[in-house]
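If you want the building blocks of each chain, they are given just below.
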Amino acid sequence: MIRLEGVSKVYKGDVTALREVSVEIQRGEFVFLVGPSGSGKSTFLRLLNREEVADAGQLMVAGKDIGALRSWKVPYLRREIGYVFQDYKLLSRKTVYENVAFGLEVIGRPRSVVRKQVPFILELVGLTPKAERFPGELSGGEQQRVSIARAFVNRPLILLADEPTGNLDPATSVGIMRLLDRINRSGTTVVMATHDRGIVDTMRRRVIELDRGVVVRDESRGVYE
Amino acid sequence: MYRLWYYLRETVLSIWRNLSLTMAAILTVAVSLALVGASMMIREGAERATAQFQEGVEFIVFMNPDANADQNAAIRHVLDSSPSIEGYNYIDKAAAYDEFETLFADKPELVESVTPDVMPPSYRIVPTDRSAANVNELANQFAAQPGVREVATATEAIRQIDDFSTRVSQALLIAAVVLVGVSALLILNTVFTAIGARKQEIEVMKLVGASNWFIRIPFMLEGTIHGLIGAAMAIPVLFVVDNEVMAFFQESDSVPLFRGFAVPEGFVWDTSIWLLILGGAVGMVGSAVAVTRYLDV
């Protein structure tokens, strides 16, 4: 599903974010990306989404060579990838329902699909009673659920999550992880960058550790360490 | 259909959020296009006003409406006997009125305001020698005859009208070009502000895979609508120019040639369509520049 071969990324001012990273992630895997701040976790995710372009190496995502992808085709790649952020990135002027529907509307899905899918996903993330609320009226955990619902409503092959529990307390984080686990079990590949030791140690999934842009550990049922 | 509704909703919302800047952009478009239109109409009017000088007619002797038969006979005698006159055409009061009626068929109130007996009869004269010097000399001779109100030579009259229309329409056109540029910039800025106001939304759109055109279209539509509304507001101005300004020249007694200073029926509508096209184009270009420079998609 995801394959990186000798991928490097250097930012302006000679800041090396990733150095010759080679990783292969199979369909349906759940992968934790761990490592200190600045180790290249976010860059790793942003390269998969083509928000950044690698300076060297080859990157295959969902069967597409990301390096050779024409810029007008990037939106179609992103439709295969859901993205969840630490700060949710919800639209404050839209209700929960509208935020989730937005993810379908802007990729041109017909209204009938929107009407069917959105309530279904809201049920999945447990927010049906709050569909008409605005993000500002929700707790952090609820907002993150909305964000996950928006990322998943189009049934992407891959879900990328950048510190999704970074702003949440441990109890709420467990709820979010249950949700991501459930999404993963439905066949979606999940790659999650995190600092949350408790979560990584409890879930015992594949762990890829980055340090200064280099993969220093890759264990199939790893811990945070 | 759903998508069309989405574009319209986004565009209208965006215009509403940014109303003052939008109004400024639209008004600038309106003013500049009104000037473009006025300039086109004056040019056309001048061309029509000089249309009587056709088929070799080099000068026209306008008689006083109350010139008597003797005076007319004297003029006619000279015209018939002079070797320097190749031919002439007499336009009597009735014919002058008919011509006036055709020329201003679209302005019945103007036609009603005159009667055949106030129309100056005229001789449209074709000289043998058409050099400017000769025409001027002949014109002077006729001007001195009793009963003659005025002699309009093609060279002088056309030069005057041309001069007048060129100056006015060029001045208007220069002002219009500057203002069209200003409107394009204002539209660019308005769209830029609209993009800024929806930054977060655009970010999410890109994230979930909205196509580049899907993101661009509402903004380009917004700019185009500015241009079109501005053009629509300029159209009534054209009618005011036609009914008030040009009519003022037509009714003026001082320069008979200005009587023909009119645009044909339908010209105002044709010009209106051009203004709409131009306005839409200016809006589209302005917003396209904003979208390519600031949208990064």
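A short tour of the structure in this document, coming up. Here the structure is a predicted model, which is why all the values come from computation and not from measurement. For every chain, the first residue of its written sequence is number 1, and the numbers climb from 1 along that sequence. Chain labels run from A onward and ligand labels from 1 onward, assigned in the order the entries are written. In keeping with the model being predicted, local features are shown solely for residues with a pLDDT of at least 70 and side-chain atom pairs are shown and tallied solely at 80 or more, while totals for entire chains, interfaces and linings include all residues. To obtain the side-chain values, all non-hydrogen atoms of the structure were used and water was disregarded.

**Considering the overall build of chain B**
Link 1 in the chain: Going along the chain from the N terminus, every DSSP run of H or I of four or more residues is numbered as a helix, and every run of E of two or more is numbered as a strand. In terms of helices and strands, chain B carries 10 helices and four strands.
Link 2 in the chain: Counting helices and strands in the order they occur from the N terminus, chain B gives α-α-β-α-β-α-α-β-α-β-α-α-α-α.
Link 3 in the chain: Its C-alpha atoms put chain B at 90 × 40 × 30 Å along the principal axes.
Link 4 in the chain: Taken over 297 residues, chain B has a buried fraction of 47%.
Link 5 in the chain: Partitioning the contacts of chain B with sequence separation of at least 6, the portion at a separation of at least 24 is 85%. Buried means the residue's accessible area, taken with a 1.4 Å probe over protein chains only, is under 20% of the maximum for its type, while exposed means over 50%, and partly exposed covers the values in between. Contacts are assigned to residue pairs with any non-hydrogen atoms lying within 4.5 Å of each other.

**Some details on the sheet that holds strand S10 (residues 214-219) of chain A**
All names here are of chain A.
Link 1 in the chain: The strand order across the open sheet formed by six strands is S6-S7-S8-S3-S9-S10, and the pairing between neighbours is mixed. Of all strands in the sheet, those bounded by a partner on one side alone are strand S6 (81-84) and S10. This sheet shows a mean twist of 15° between the axes of neighbouring strands, independent of strand direction.
Link 2 in the chain: Pairing geometry for strand S7 (residues 158-162) and strand S8 (residues 189-193), over five bridges, is parallel. Looking at S8, one finds that Leu160 is bridged to Val191.
Link 3 in the chain: A fitted line through C-alpha atoms serves as each axis, taken over the contacting stretch for helices, and the angle formed by two N-to-C directions is quoted from 0 to 180°. Running at roughly 165° to S6, helix H5 (residues 140-152) makes contact with S6 and S7 of the sheet. Only strands that DSSP links by at least two bridges are regarded as paired with each other.

**So, the pattern of salt bridges**
Residues and elements named next belong to chain A.
Link 1 in the chain: The rule for a salt bridge is simple: a side-chain nitrogen of Lys or Arg has to be within 4 Å of a carboxyl oxygen of Asp or Glu. Summed over all chains, the structure comprises 18 salt bridges over all chains.
Link 2 in the chain: Its salt-bridge partner being Arg206, residue Asp218 comes within 2.9 Å of it at the nearest N-O pair. Taken together, the positions of Asp218 in strand S10 and Arg206 in strand S9 (residues 206-211) put the pair 12 residues apart, joining distant regions of the chain.
Link 3 in the chain: For Asp218, a relative accessible area of 39% translates into the label partly exposed.
Link 4 in the chain: The class of Arg206 is buried, set by a relative accessible area of 11%.
Link 5 in the chain: Close ionic contact of Arg217 with Glu209 constitutes a salt bridge, the shortest N to O distance being 2.9 Å.
Link 6 in the chain: Residue Glu209 is classed as buried on the basis of its relative accessible area of 19%.
Link 7 in the chain: Three or more residues are tied together by salt bridges with common partners; here these are Lys9, Arg46, Glu51 and Glu52.

**Some details on the packing of helix H8 (residues 199-208) of chain B against helix H9 (residues 212-251) of chain B**
Residues and elements named next belong to chain B.
Link 1 in the chain: Interaxial distance between H8 and H9 falls to 10 Å at its minimum, and their mutual angle equals 150°. Classified by the interaxial angle, the pair formed by H8 and H9 is roughly antiparallel. Counting all contacts with H8, which are made through Ile202, Met205 and Lys206, the residues of H9 involved are Phe214, Ile215 and Phe219.
Link 2 in the chain: Residues that form the contact of H8 with H9 fall into these classes: five nonpolar, no polar and one charged. Here roughly perpendicular refers to angles of 65 to 115 degrees, roughly parallel to angles under 35, roughly antiparallel to angles over 145, and oblique to all remaining angles. For this scheme, ten residues count as nonpolar: Ala, Val, Leu, Ile, Met, Phe, Trp, Tyr, Cys and Pro. Four count as charged, namely Asp, Glu, Lys and Arg, and the remainder, Gly too, count as polar.

**Notes on the interface of chain B and chain A**
Link 1 in the chain: Listed per partner, the contact involves 20 residues of chain B and 27 residues of chain A.
Link 2 in the chain: Summing both sides of the interface, chain B and chain A together bury roughly 1,900 Å²; the carbon and sulfur share of this comes to 57%.
Link 3 in the chain: We define buried area as the total accessible area lost by two parts upon association, computed with a 1.4 Å probe and summed across both. For chain B, the biggest contributors to the area lost against chain A are Tyr2, Leu207 and Val208 of chain B; these three give 36% of the whole.
Link 4 in the chain: The interface formed by chain B and chain A includes one salt bridge.
Link 5 in the chain: Of the charged contacts in the structure, one is a salt bridge between Glu203 of chain B and Lys89 of chain A, with a shortest N-O distance of 3.1 Å.
Link 6 in the chain: Under the rule applied, a polar contact is a pair of N or O atoms within 3.5 Å (in protein, one hydrogen donor and one hydrogen acceptor; residues adjacent in sequence only if both atoms are side-chain atoms). Our count for the chain B to chain A interface comes out at four residue pairs in polar contact (both at pLDDT 80 or more).
Link 7 in the chain: Where the side of chain B that touches chain A is concerned, the elements lending two or more residues are helix H1 (2-17), H8 and H9 of chain B.
Link 8 in the chain: Considering each element in turn, the side of chain B that touches chain A owes the most residues, eight residues, to H8 of chain B.
Link 9 in the chain: For the side of chain B that touches chain A, the residue count by class is 10 nonpolar, four polar and six charged.

**Quick look at the pairing of S10 of chain A**
Residues and elements named next belong to chain A.
Link 1 in the chain: With five bridges joining them, S9 and S10 adopt antiparallel strand pairing. Bridge pairing in S10 places Ile208 opposite Asp218.
Link 2 in the chain: Remark: two residues form the turn of the hairpin made by S9 and S10, two consecutive strands paired antiparallel; Arg212 in that turn has positive phi of roughly 50°.

**Notes on the sheet that holds strand S2 (residues 15-25) of chain A**
Residue and element names in this part refer to chain A.
Link 1 in the chain: Ordered in space as S2-S1-S4-S5, the four strands form an open sheet in which the pairing is antiparallel. Two strands in the sheet have a free side with no partner beyond their single neighbour: S2 and strand S5 (64-65).
Link 2 in the chain: As paired elements, strand S1 (residues 2-11) and S2 share seven bridges and run antiparallel to each other. Its bridge partner lying in S2, Val10 is registered against Thr16.
Link 3 in the chain: Here helix H1 (residues 41-48) sits on the sheet and contacts S1, S2 and strand S4 (56-61); the angle it forms with S1, its principal contact strand, is near 120°.

**Here's the deal with the side chain of Thr11 of chain B**
Residues and elements named next belong to chain B.
Link 1 in the chain: As for its position among the elements, Thr11 is in helix H1.
Link 2 in the chain: Of the polar contacts made by the side chain of Thr11, one reaches the backbone oxygen of Pro218; its length is 3.5 Å.
Link 3 in the chain: Each residue touching Thr11, except ones within four places of it in the same chain, is listed here: Pro218, Leu221, Glu222 and Ile225.

**A word on the environment of His226 of chain B**
Residues and elements named next belong to chain B.
Link 1 in the chain: Locating His226 in the fold gives a position in helix H9.
Link 2 in the chain: For His226, a relative accessible area of 0% gives the class buried.
Link 3 in the chain: Note: C-alpha distance between His226 and Val241 (15 residues apart in sequence) is 23 Å.
Link 4 in the chain: The contact partners of His226, leaving out residues within four places of it in the chain, are Ile15, Thr22, Ala25, Ile26, Val29, Ile187 and Thr190.

**Considerations on H5 of chain A**
Link 1 in the chain: Take the number of residues in a helix, subtract one, and multiply by 1.5 Å to get its expected span. An ideal rise of 1.5 Å per residue puts 18 Å on 13 residues; H5 of chain A measures up with 18 Å between its terminal C-alpha atoms.
Link 2 in the chain: The buried fraction of H5 of chain A amounts to 11 of the 13 residues, a majority that puts the element mostly inside the structure.
Link 3 in the chain: What H5 of chain A keeps buried is the set Gly141, Glu142, Gln143, Gln144, Val146, Ser147, Ile148, Ala149, Arg150, Ala151 and Phe152 of chain A.
Link 4 in the chain: Packed against the buried residues of H5 of chain A are S6, helix H3 (96-105), helix H4 (111-124), S7 and helix H6 (170-185) of chain A together with H8 of chain B.

Limitation: the analysis is restricted to geometry and does not speak to function.
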